[in-house]
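# Understanding the architecture of this molecule
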Amino acid sequence: MRARLTQQVDGVLAIDAVALSDLLEGSGPVEVAPGQSIPPAGIGDYLALGQYAAQPGDNDQFQRKENLTEVTKAVLGRLTQGGGDSTALLRGLSKAVRT
């Protein structure tokens, strides 16, 4: 895998959709496409089904993966930039760790 990377990766974080939803609890909606935002409670459904319905009739995996990259950036931005409800974020973090 390293031979294909252009930079060294220090670590990888894997999280399931339910825990991600919990983590985003205090952050507000996440933009998954221009003009389309999803509340934290809906991110699991989007990742499981919505990403496929976003491009009906189009089986373009490259485009779907590009969209997931943008969703990931939006989620990380939500978690790292602040501006949300800190108490709800900590409550969500606690739930995510327990599940």
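Before going into details, it helps to say that this report is about the structure given with it. Residue numbering note: each chain is counted from 1, following its sequence as written. Residues qualify for local features only when their pLDDT is at least 70, as the model is predicted, and side-chain atom pairs are given and counted only at 80 or more; totals for whole chains, interfaces and linings, by contrast, use all residues. Computation of side-chain values covers all heavy atoms of the structure but excludes hydrogens and water.

### Description of the overall build of the chain
Under the convention used in this document: The helix and strand labels rest on DSSP assignments: H or I over at least four residues marks a helix, E over at least two residues marks a strand, and numbering proceeds from the N terminus. Here's how the labels work: a residue is buried when its accessible area is under 20% of the maximum for its type, exposed when over 50%, partly exposed in between, all with a 1.4 Å probe on protein chains only. The criterion used for residue contact is that any of the two residues' heavy atoms lie within 4.5 Å. Note on areas: Shrake-Rupley, 1.4 Å probe, and residue coverage restricted to the protein chains presented here.
In terms of helices and strands, the chain carries four helices and two strands. Reading the chain from its N end, one meets helices and strands in the order α-β-β-α-α-α. Burial status across the chain gives 25% buried among its 99 residues. Taking contacts inside the chain between residues at least 6 apart in sequence as the whole, the part at least 24 apart equals 55%. If you sum the accessible surface of the chain, you get close to 7200 Å²; carbon and sulfur atoms cover 55% of it.

### As for the packing of helix 2 (residues 43–53) against helix 3 (residues 61–81)
Note the following rule: Helix axes are fitted to C-alpha atoms over the stretch in contact, other axes to C-alpha atoms as well, and angles between N-to-C directions run from 0 to 180 degrees. Each angle gets one of four labels, with under 35 degrees taken as roughly parallel, over 145 as roughly antiparallel, 65 to 115 as roughly perpendicular, and the rest as oblique. Two helices cross in a left-handed way if the nearer one is turned anticlockwise from the farther one by less than a right angle. They cross in a right-handed way if the turn is clockwise. Gly counts as polar in this scheme, as do all residues outside two lists: the nonpolar Ala, Val, Leu, Ile, Met, Phe, Trp, Tyr, Cys and Pro, and the charged Asp, Glu, Lys and Arg.
The N-to-C vectors of helix 2 and helix 3 enclose an angle of 160°; their axes lie 11 Å apart at closest approach. Classified by the angle their axes make, helix 2 and helix 3 are roughly antiparallel. Seen along the crossing, helix 2 lies across helix 3 with a hand that is right-handed. Two secondary-structure elements touch here, helix 2 through Ile43, Tyr46, Leu47, Gln51 and Tyr52 and helix 3 through Arg64, Asn67, Leu68 and Val71. Grouping the amino acids of the contact of helix 2 with helix 3 by side-chain chemistry returns six nonpolar, two polar and one charged.

### Some points on the nonpolar core
Put simply, the rule is: Buried residues of nine kinds, namely Ala, Val, Leu, Ile, Met, Phe, Trp, Tyr and Cys, make up a nonpolar core once their side-chain atoms join them within 4.5 Å.
One finds Leu20, Leu24, Val30, Val32, Ile38, Ile43, Tyr46, Val71 and Val75 forming the largest nonpolar core, which totals nine residues. Residue assignment for this core shows that the elements contributing at least two residues are strand 1 (30–33), helix 2 and helix 3. Those residues in contact with leucine 20, other than ones at most four positions away along the chain, are Ile15, Ile43, Leu47 and Val75.

### Notes on the side chain of aspartate 22
With respect to the secondary-structure elements, aspartate 22 resides in helix 1 (residues 17–23). Judged by its relative accessible area of 10%, aspartate 22 is buried. Among residues more than four places away in sequence, those in contact with aspartate 22 are Gly92, Leu93, Lys95, Ala96 and Thr99.

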